[in-house]
Amino acid sequence: MKEDRLVQNTIDFVKKTLKNAEGGHDWFHIERVFNTSRLILKQEQAEPLIVQLAALLHDIADPKFHNGDENIGPDIARTFLESEAVNDKVINHVVLIIKHMSFKNSLNKSEDAFTSKELQIVQDADRLDAIGAIGIARAFNYGGFKNRELYNPNVPPNLTMSKEEYKASKAPTINHFYEKLLLLKDKMNTTTGRKIAEERHEFMLLYLDQFYKEWNSEQPID
């Protein structure tokens, strides 16, 4: 029951902290990642408490909304967990997951490697929320938030970006499909993650096909 209370306290903290967050990175995003993490957890051997805490706290301060600062989120998570008297081993594991789960970290091969089954589960859940119907909605929501173009045929996707280039990119939202979203299916860590990703990946391909037809006025007229 002590762990259940901790999870509930964490939920309450995240809801309050993200009350006014951008729509793609708000409490509902956290809730989906939390629920998907628990779904994947049913098929994997991992520590449930660490998975749940990391899922709930992984975007407590997304660097995109804090001038690219990648330390704020882990620091807030650590301070909160310490206030809940969580043991150091659990805190350190959760903080390492938050620090290492982002897609952009995979763009710099020289980064210090860290992995765990718990990280793999939460990472898959987070990446699944970036693809499919919700992933598309989130991409365009963030693009609108940043006042980016929907699509510009004269701005091709950059498929060889470094981490810093990725963080600084202001490319049209459609480019994001090729620079990240369509790559995620093959980056899934777990069997469950891969199975869910297949359908969502196919949906994105169908969406892009329809997008280009409409953009180029290729719809048939009876």
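What you see is a predicted model; the values in this text were computed from it and never measured. (Residues numbered from 1 in each chain as written. Predicted model: local features only at pLDDT ≥ 70, side-chain atom pairs only at ≥ 80, totals over all residues. Heavy atoms only, no water.)

Draft legend 1. Region of interest: the overall build of the protein chain. When you go through the protein chain residue by residue, the secondary structure sums to 10 helices and zero strands. Traced from its N-terminal end to its C-terminal end, the protein chain shows the element sequence α-α-α-α-α-α-α-α-α-α. On C-alpha atoms alone, the protein chain measures out to a radius of gyration of 18 Å, which is about the 17 Å that the 2.2 N^0.38 rule sets for 222 residues. Counting only C-alpha atoms and orienting by the principal axes, one finds that the protein chain spans roughly 65 × 35 × 35 Å. Of all 222 residues assigned to the protein chain, the portion counted as buried reaches 46%. In the protein chain, the share of contacts with a sequence separation of at least 24, taken over all contacts with a separation of at least 6, comes to 67%. Surface exposure of the protein chain reaches about 12,300 Å², of which carbon and sulfur atoms provide 50%. Seen as two clouds, the 29 positive and the 34 negative side-chain charges of the protein chain have centres 3 Å apart. (Helix = DSSP H or I, 4+ residues; strand = E, 2+ residues; numbered from the N terminus. Rg over C-alpha atoms; globule rule 2.2 N^0.38 Å. Buried < 20%, exposed > 50% of the residue type's maximum accessible area, 1.4 Å probe, protein only. Contact = heavy atoms within 4.5 Å. Areas by Shrake-Rupley, 256 points an atom, 1.4 Å probe, with all protein chains shown as cover. Lys, Arg positive; Asp, Glu negative; His and termini not counted. Charge placed at Lys NZ, Arg CZ, Asp CG, Glu CD.)

Draft legend 2. View of the packing of aromatic side chains. Applying the stated criterion across every chain yields a total of 11 aromatic pairs. Aromatic side chains Tyr151 and Trp215 sit 4.8 Å apart centroid to centroid with 80° between the ring planes, which places their arrangement in the edge-to-face category. Of this pair, Tyr151 sits in the loop between α7 (132-145) and α8 (163-168) while Trp215 is found in helix α10 (residues 191-215), placing the two residues 64 residues apart along the sequence. Plain terms: the ring middles of Phe177 and Tyr207 are 6.1 Å apart, the flat faces sit at 10° to each other, and that makes the pair stacked. Of this pair, Phe177 sits in helix α9 (residues 173-179) while Tyr207 sits in helix α10, and the two are 30 residues apart along the sequence. (Phe/Tyr/Trp six-rings, centres within 6.5 Å; stacked < 30°, edge-to-face > 60°.)

Draft legend 3. Structural context of the nonpolar core. Counting 57 residues, the largest nonpolar core has Val14, Leu56, Leu57, Leu81, Val94, Ile131 and Phe177 as the members making the most contacts within it. Apart from residues no more than four positions distant in its own chain, Leu57 is found in contact with Thr10, Phe13, Val14, Ala77, Phe80, Leu81, Val94 and Ile98. (Core = buried A, V, L, I, M, F, W, Y, C linked by side-chain atoms within 4.5 Å.)

Draft legend 4. Spotlight on the packing of helix α1 (residues 2-17) against helix α3 (residues 48-57). α3 packs onto α1 with a crossing angle of 5° between their chain directions and a minimal axis gap of 10 Å. The angle between α1 and α3 falls in the class roughly parallel. Facing α1, whose interface residues are Glu3, Leu6, Val7, Thr10, Ile11, Phe13 and Val14, α3 presents Leu49, Gln52, Leu53, Leu56 and Leu57. Grouping the amino acids of the contact of α1 with α3 by side-chain chemistry returns nine nonpolar, two polar and one charged. (Axes fitted to C-alpha atoms, helices over the stretch in contact; angles between N-to-C directions. Parallel < 35°, antiparallel > 145°, perpendicular 65-115°, else oblique. Nonpolar A, V, L, I, M, F, W, Y, C, P; charged D, E, K, R; others polar.)

Draft legend 5. Region of the structure containing the environment of Ile136. Its place among the elements puts Ile136 in helix α7. We classify Ile136 as buried; its relative accessible area is 7%. Along the primary structure Ile136 and Met188 are separated by 52 residues, whereas in three dimensions their C-alpha atoms are 18 Å apart. If near-sequence neighbours (up to four positions away) are discounted, Ile136 is found in contact with Phe177, Phe203, Met204 and Tyr207.

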